[in-house]
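Examining the three-dimensional arrangement
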Amino acid sequence: MAPSRAPSVQLLRSLRSSDVYSGASSTTRAFSTSCRQHEEEVVVQRESFYRNPKPETAFVPRLERRLAAAGTPPIGSRRRRMAIAQSQGVLFDQLPFQCFQEARKVLIEDRQEKLQQIQTMRDRIARLQQSDGNALHRGGEQYKQKRLESMRTELEHLKILADVNDPNVKRRFEDGKGDMSKPIYRFLADRKWRDYVQKILIQRITQMKVVPDVVPHCDPIVDVKIKFGRTNVQAGDFVDSAISEKPCQLTVQSFEKDPKLITIAIVDPDVPNLETDSFNSRCHFLASNVQIDALTPHLDLAKLAEEQILVPWLPPTAQKGSPYHRLSIVLFQQKDNISVDKAVALRNIQQTDFRTRSFMTRHMLTPIGASLFRTKWDDNMGAVMQRAGIDGAELELKRVKVQPLPYKRRNPSTFR
Amino acid sequence: MVCLSLRSALASAFGIANRSSTLGVAPQLQHIIQSTRHHRPQDAAAATFSTSSSTFAKKKALIRYHLYHPTTLTPRPLRFSRNRALRHWTIHRAWNLYRMKVKRRRELELERQYNAMAAANEELRVGAGDGGKLFRKAQMKIGTWSIPERGGGVPIEYARGQVEWVGTVAGGVGGPAKIWDHEWKRA
């Protein structure tokens with residue numbers, strides 16, 4: 001021991017070392033005993049520090065240079081690396097802070113309680129499932145199913161409560177190492193998404209009027225991210241026509257356990273109709289019976305199966321002079337995961353005059369996610385339209401000049 | 001061995017004991033070296049224990065900086081390292097959990113007491129067999145507050161909430177505090 005230490009430290013140390021030999025019988029120091037066991041391993045491990053420097057712990061400039069020459073440059077700041085190298089390597093759970101350990105004890109006890117409650121709830125559900133609905137309540141089978149559903153919701157809630165106070169869970173989630181098959185990480189991811197990303201998404205789809213123009217309402221419960229090859233597209237971005245010529249990749253992150261069957265529609269509601277002097281909506285892509293769940297969020301529209309695709313990808317186009325086109329991506333949940341029959345669906349679809357609302361009602365679809373990107377006339381658009389076989393590339397749209405009424409003219413003949 | 005002989009020559013030239021061990025070093029220093037080499041786990045645990053004065057002072061300084069900074073409207077940010085923030089969060093969650101549990105326990109106790117009281121009253125009303133006369137008598141509030149002529153009961157002064165200071169408005173602005181209006185008579 002260094003001579004500069006206070007005598008109280010020595011006393012404490014002797015008390016603690018005597019505590020080790022009392023073993024597991026002492027309840028107050030249960031954590032620190034396991035801590036020492038762990039530390040021994042760690043201390044044995046970090047021996048030849050200078051022989052083989054690690055990128056996480058090297059902080060001497062000479063070793064840093066050696067690492068950089070070896071192709072494994074040091075990670076983080078020198079200050080951080082030094083702190084890691086000189087730390088004791090104690091596990092986070094076993095850090096010897098008294099209040100922290102007391103807090104952990106409270107949390108662990110609460111977790112045990114929650115686990116007990118989960119077990120009780122599971123038993124209750126099993127018992128209710130086996131019982132006869134009609135004998136149970138005058139509501140009969142319907143009442144029983146409703147009750148079971150609410151009990152399952154409560155069970156999921158309890159599962160979240162059991163883990164939500166764990167600092168390790170929080171750390172793992174913040175590091176992006178959360179396992180989406182577990183309810184707690186799904187809950188945390190959902191909360192984080194709703195905190196910011198969903199708000200932005202809702203703002204975009206309402207400001208750019210996807211919501212009344214394409215679908216009547218949308219309460220997004222899945223996260224949709226758009227990607228064209230390596231290009232990430234934020235909701236509402238303008239996308240160059242050369243980029244959007246190939247189908248996009250979607251990242252559809254669901255936060256619920258059960259897999260869902262969804263229908264993906266990409267609709268452009270801004271196609272100018274010169275005859276009626278208004279706009280038509282055109283379907284650029286339509287696919288049904290696509291299964292999504294929390295674990296496999298990536299969805300490449302080009303790689304969907306043939307029987308899933310109702311309308312193959314049509315490159316987004318905008319004529320010169322027309323206002324920008326909103327390519328709105330809408331995800332619909334199919335009711336009760338009943339699959340859509342392709343032949344029946346194709347009978348009623350008109351690609352150039354696509355009615356999203358009637359499609360929704362016909363197949364009992366609910367919008368669960370929406371996003372959009374925009375497109376306008378650019379240098380590549382002519383070539384894209386030619387390749388896609390869409391005519392009108394050489395045509396420029398212009399607004400009809402509205403002649404002001406005679407008494408509102410700026411320079412009428414009576415002035416001259 | 002050229003290397004060894006060279007080293008011993010240099011050592012003899014500078015007057016250093018030619019040994020690989022630390023025997024030549026001053027005893028105090030030696031102690032330090034030993035303690036760093038044979039890094040005993042108990043020592044390590046004790047060294048990081050939070051009661052060590054220097055870390056404690058640092059902690060206190062940081063928290064004081066956060067709490068009592070002169071610009072009270074915008075308190076200084078409380079910046080923690082990752083581990084410390086997580087420890088802080090853990091303690092915070094445990095404290096919240098504890099308080100929630102205490103609150104819940106109290107609520108349940110109150111509910112239980114209320115239900116017991118209601119059940120007792122109901123039993124008195126229905127089960128006493130006197131047509132509820134005893135219950136009606138029990139519900140009467142006569143005699144709760146004492147009237148000096150009749151005596152007994154709680155002094156009527158306690159019917160109002162007792163406070164440390166009473167406003168002087170009743171006795172007129174600037175006048176003495178008028179706590180009780182002794183002259184008041186029912187009209």
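Residues numbered from 1 in each chain as written. Chains lettered and ligands numbered in written order. Predicted model: local features only at pLDDT ≥ 70, side-chain atom pairs only at ≥ 80, totals over all residues. Heavy atoms only, no water.

1. Regarding the overall build of chain A
Under the convention used in this document: A run of DSSP states H or I qualifies as a helix once it reaches four residues; a run of E qualifies as a strand once it reaches two. Both are numbered from the N-terminal end. Only protein chains enter the area calculation, which uses a 1.4 Å probe; residues under 20% of their type maximum are buried, those over 50% are exposed, and those in between are partly exposed. In what follows, a contact means two residues having at least one pair of non-hydrogen atoms within 4.5 Å. To be clear on the numbers: accessible area is Shrake-Rupley with a 1.4 Å probe, and residue cover counts the displayed protein chains and nothing else.
Within chain A, the regular secondary structure consists of 13 helices and nine strands. Taken over 416 residues, chain A has a buried fraction of 42%. By sequence separation, contacts in chain A at least 24 residues apart represent 70% of the contacts at least 6 residues apart. As presented, chain A carries roughly 24,800 Å² of accessible surface, and 52% of it is formed by carbon and sulfur atoms.

2. Brief notes about the packing of aromatic side chains
To be explicit about the condition: Stacked, tilted and edge-to-face pairs are distinguished by plane angle, under 30 degrees for stacked and over 60 for edge-to-face with tilted covering the rest, among Phe, Tyr and Trp rings (Trp via its six-membered ring) whose centres lie within 6.5 Å. Placement of a charge over a ring requires the Lys NZ or Arg CZ to be within 6 Å of the ring centre, with the centre-to-atom vector within 35 degrees of the ring normal.
Using the criterion set out here, one finds eight aromatic pairs over all chains in the structure. On the numbers, 5.3 Å between centres and 35° between planes, the contact of Trp193(A) with Phe255(A) is tilted. Of this pair, Trp193(A) sits in helix H9 (residues 183–207) while Phe255(A) is found in the loop between strand S3 (249–254) and strand S4 (260–273), placing the two residues 62 residues apart along the sequence. Of the two residues examined, Trp193(A) and Phe255(A), each falls in the buried class. Plain terms: the ring middles of Phe354(A) and Phe359(A) are 5.6 Å apart, the flat faces sit at 50° to each other, and that makes the pair tilted. Of the two residues examined, Phe354(A) and Phe359(A), each falls in the buried class. By way of ring pairs, the aromatic residues Phe228(A), Phe285(A), Trp313(A) and Phe373(A) are connected into one cluster. Looking at Arg374(A), its charged tip hangs above the ring of Tyr324(A), at a distance of 4.6 Å from the centre. Sitting over the ring of Phe97(A), Arg87(B) keeps its end group 3.9 Å from the ring centre.

3. Some points on the sheet that holds strand S1 (residues 222–228) of chain A
Residue and element names in this part refer to chain A. Note the cut-off: What makes two strands pair is DSSP finding at least two bridges between them. Convention adopted: a line fitted to C-alpha atoms gives each axis, helices being fitted over their contacting stretch, and angles between N-to-C directions are expressed from 0 to 180 degrees.
Strand order in this open sheet of four strands is S2-S1-S3-S6, and the pairing throughout is antiparallel. Taken across any chain shown, the strands that pair with only one partner, and hence form the sheet edges, are strand S2 (231–233) and strand S6 (298–300). The average angle at which neighbouring strand axes cross in this sheet is 30°, direction not considered.

4. Topic: the environment of Leu62(B)
All names here are of chain B. Residue position: Leu 62 is located in helix H4 (residues 53–67). Taking the C-alpha atoms as reference points, Leu 62 and Pro 77, 15 residues apart in sequence, are found 9.9 Å from one another. Not counting the four nearest positions on each side in its chain, Leu 62 is found in contact with Leu 78, Arg 79, Phe 80 and Arg 84.

5. Points about the environment of Phe80(B)
Of note, Phe80(B) is situated in the loop between H4 and helix H5 (82–127). Those residues within four positions of Phe80(B) in sequence are excluded, and the remaining contacts are Leu62(B), Ala85(B) and His88(B).

6. Observations regarding the nonpolar core
All names here are of chain A. Note the following rule: What is meant by a nonpolar core is a set of buried Ala, Val, Leu, Ile, Met, Phe, Trp, Tyr and Cys residues, joined one to another through side-chain atoms within 4.5 Å.
Ranked by size, the top nonpolar core spans 26 residues in total, and within it Leu 250, Leu 301, Leu 331 and Phe 373 carry the most contacts. Counting residues per element, the ones that place at least two in this core are S1, S3, S4, strand S5 (278–292), strand S8 (325–334) and strand S9 (365–375). Contacts of Leu 301, omitting those with residues within four sequence positions, involve Pro 247, Cys 248, Leu 250, Ile 264, Ile 266, Phe 285, Ile 309 and Trp 313.

7. Some points on the domain arrangement of chain A
Rules: Where each domain begins and ends follows an automated or database-derived domain assignment.
Annotation of chain A at the domain level lists domain 1 (114–177) and domain 2 (196–388). Computed from C-alpha coordinates alone, the two centres of domain 1 of chain A and domain 2 of chain A are separated by 36 Å.

8. So, the pattern of salt bridges
Rules: Whenever Lys or Arg places a side-chain nitrogen within 4 Å of a carboxyl oxygen from Asp or Glu, that contact is recorded as a salt bridge.
The tally for this structure, following the rule as stated, stands at 26 salt bridges over all chains. The closest approach of N and O atoms between Glu113(A) and Lys101(B), which form a salt bridge, is 3.4 Å. With Glu113(A) in helix H5 (residues 98–130) and Lys101(B) in helix H5, this residue pair bridges two chains. Given the relative accessible area of 28%, Lys101(B) is considered partly exposed. Of the charged contacts, one joins Glu141(A) and Lys144(A) as a salt bridge, the two residues approaching to 4.0 Å between their closest N and O atoms. Placement of both Glu141(A) and Lys144(A) in helix H7 (residues 140–163) is noted, with a separation of three residues, approximately one turn of the helix. Accessibility expressed as a relative area gives 38% for Glu141(A), which makes it partly exposed. Among the residues examined, Lys144(A) registers a relative accessible area of 6% and is labelled buried. Linked by salt bridges that have partners in common, Asp110(A), Glu113(A), Lys114(A) and Lys101(B) make up one network.

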